[in-house]
Every structure is written in C-alpha cells, then in structure tokens.
Amino acid sequence: MTARATGGAPRPGRLRRFIEERVDLGAMRHLLEEKRVPKHRLSPLYLLGGLTLFLFLVQVATGVLLMLYYRASTAEAHESVRFIITDVAFGDLVRSVHAWGADLMVGAALAHLFSVWLLKAYRKPREMTWMTGLLLMMIVLGFGFTGYLLPWTETSYAATRVGTEIAGTVPFLGKALRTFLRGGDEIGPVTLSRFFAFHVAILPAAATFLLGAHLLLVQQQGMSVPPSVERAAARTGKPPASIRFFPDFVLRDAIAWLVLMAVVVSLATLVPRDLGVPADPFAPVPAGTKPEWYFLALFEILKLVPATIARVPGDVVAVLAMACGGMFLMLLPFLDRPTARGVRSPAFMALGWLALAVFVGFTGYGLAL
C-alpha cells in the first residue's frame, strides 16, 4: 500500500531524497515559490539583464569551440582563423555567432546600464548592485577590446595601436600601462599572447566572480521599481502589482532568449563576418580605420579635443575627464541622495539622458563617416 493510500504524504524519490539529505534546497524552493517581480509599463526592461547573461553564455560556449583550433601567435593566428572558417565543419557559423554575439552583448549591457540609471534602480539598498554591474560593464568592454586583436588583421592591429596609445596618456602611469598591455614598446607576439590570456582566462574569471556577486545581490534585494510607481504605491497604500518569478517571469525570459538566439543565428548566417587582411606591422595604417562601434563615440570625441588645453596636453585632459566620469558613475548611488522631503534631484536623470544622447549621437556620426 502506498503512502498516498494510507493518508500519509508521498515519499520523495531516491534521487531527490539523496540530494535533499546533502544539500539545503530551501532557498531555491523559496525563490521559485515566493519570489515575485514588479509589473508595470516598463517591466520589459527587466529582461535586459537576462539577455546580457544569455549572450555571455553564448560567448563562453562559442569561445570554447574556437579555442580548439585558434593559435595565439602572430605567425599562425590569422591562418588558424581562416582554417576555422573554411575547413572546420560549421566553423564559419560558430565564429560569426561569436562575433555577432559580442556586439549584441555589449549593446544589451549598455541598454541595461542606461535603463538602471534612468529608472534610478541604484537607490538604497541597491548601491552594491549598481557598482558590481558597472564593473561588469567595464569587463564586457575589455572582452571587446582584447578579442578584437586575436584574428591579427590589419584593422585590428591599427585599432589596438590606437587604443594602447590612449592608455599611454594616463598621467604618471601611462607609459607603464602601455608597456604592460603591449608587452614591450611595440605591438607584437607578446601583445597577442597577453590579449589572448586576458580574453580567455583573466577577464572570464573576473566576470564569473562579479556575475555571481551581482546575481546574488539581485536575488536578495529583488527588482527595483521606478520612482513614479513607488510614489503611486505610497499614495494608495497598496503594494505595486507583481507577477510570480516562476513560472511567469522565467517563461518570459526564456521566450526572449529564444528570440535573441534566432536573431544571432540569422545574423551569423545571412551576414557572416569577413576575416580581413593579415596584419603587417610595417604597412601604413589603412584609410578609414575605426574601432568597434561601442568605442566609436569615444573615438570621435577624442578627435575634437584640441592639442593643448591650458598648456596641458589635450589627450591627458581627455583621459582625466574619462577617469572622473567613471568615478562619477561608480559613486552615483551615493551622490543622488533624497532631500529632507524625500525628493531626488532630477539633475541626475537629466545627466543620464544627456549621456545617452551623446553616446548615440557620436556613435551614429562615426558609423556614418
């Protein structure tokens, strides 16, 4: 006679019982049964973080496959990528998925960053969530910068030269930083091996650690609601509308992931990435060489900086301005504090819209040239 027939609760299966005796699944069960996600007109923005995570996983999977054939040496890097494209089964598709996935991951991460900024989702107690997310954004850009050189093409070589020269203008530390990135005075075999190590080992390790901390903070603190929704709930005395995390929000996340995967594969199939010409350190810089699109705004702004500003080299002033901007973003949750009446300054939201307009405007301008 079964436990159900005798009126008792059904006994769990052997595998489930084995796991529960050794691992506390209470937190996971609570997450699935009790966690809720706010529901309002801007709720689709909650999907951006999950989309970025999904694209990161796609990058890891395709990157591991590419590593099986890639050779990180100046003599073999370009030829190994050509071999992947022409001779390895589905190699061209995997490489194109990796390339398009990188672009879309940066785009999703930037959209997530601006949405959090403009919705003031960094409000107490989510200051650490914002800071870990901003560090993850920097790591994502680091992935883009280090991965661009790996095919060892003339455009990636020229762009890396420009990027490391900008690093060399950092006051006091510039020369040492440029030498560290290049592994010497010029870009060469050591540079490629260092960028490969950063791309496949150091940055993934840092990203995994920060991603774990970021997700833990998100789960502990829940999703933030826009200030307008928060004020409306305070006026009515009713909590904001919400939906269950599982299965409602998880199902929406899964649908968004499937749609995004279809987009990535379609782009990789219909618009495969060209390899380009092998790098030649002795050749002149190709005309019209540009960095990747997510660095274009910075590239175009730096072109407008005069040679000297108040007798200080313009590039030094630009680097200091970028450092101050990064510090401002890191401290944003602590600078945007409510007044005695509980009202937050609209200036920080205006700055967010201005930063978004500058980024989109200069990026579009750079792409149009």
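Keep in mind that what you see is a predicted model, and the values were worked out from it rather than measured. (Residues numbered from 1 in each chain as written. Predicted model: local features only at pLDDT ≥ 70, side-chain atom pairs only at ≥ 80, totals over all residues. Heavy atoms only, no water.)

Observations regarding the overall build of the chain
Phase 1 of the analysis: A tally of helices and strands in the chain yields 15 helices and 4 strands.
Phase 2 of the analysis: With the principal axes as the frame, the chain shows a C-alpha extent of 85 × 60 × 35 Å.
Phase 3 of the analysis: Looking at the chain as a whole, 36% of its 369 residues qualify as buried.
Phase 4 of the analysis: In the chain, the share of contacts with a sequence separation of at least 24, taken over all contacts with a separation of at least 6, comes to 77%.
Phase 5 of the analysis: Summed over its atoms, the accessible surface of the chain is roughly 21200 Å², and 70% of this surface lies on carbon and sulfur atoms.
Phase 6 of the analysis: Where the 35 positive side-chain charges of the chain centre and where its 24 negative ones centre are 12 Å apart. (Helix = DSSP H or I, 4+ residues; strand = E, 2+ residues; numbered from the N terminus. Buried < 20%, exposed > 50% of the residue type's maximum accessible area, 1.4 Å probe, protein only. Contact = heavy atoms within 4.5 Å. Areas by Shrake-Rupley, 256 points an atom, 1.4 Å probe, with all protein chains shown as cover. Lys, Arg positive; Asp, Glu negative; His and termini not counted. Charge placed at Lys NZ, Arg CZ, Asp CG, Glu CD.)

Notes on the packing of aromatic side chains
Phase 1 of the analysis: According to the stated counting rule, one finds 15 aromatic pairs in the structure shown.
Phase 2 of the analysis: With a centroid separation of 5.4 Å and an interplanar angle of 80°, the aromatic rings of Trp293 and Tyr294 are classed as edge-to-face.
Phase 3 of the analysis: Using a relative accessible area of 7% as the deciding quantity, one classes Tyr294 as buried.
Phase 4 of the analysis: A connected cluster of aromatic rings, assembled from ring pairs, spans Phe145, Phe195, Trp293, Tyr294 and Phe295.
Phase 5 of the analysis: The ring of Phe245 carries the charged tip of Lys35 above its face, separated from the ring centre by 5.9 Å.
Phase 6 of the analysis: Of note, Arg273 hangs over the ring of Trp100, and the distance from its end group to the ring centre comes to 4.4 Å. (Phe/Tyr/Trp six-rings, centres within 6.5 Å; stacked < 30°, edge-to-face > 60°. Lys NZ or Arg CZ within 6 Å of the ring centre and 35° of its normal.)

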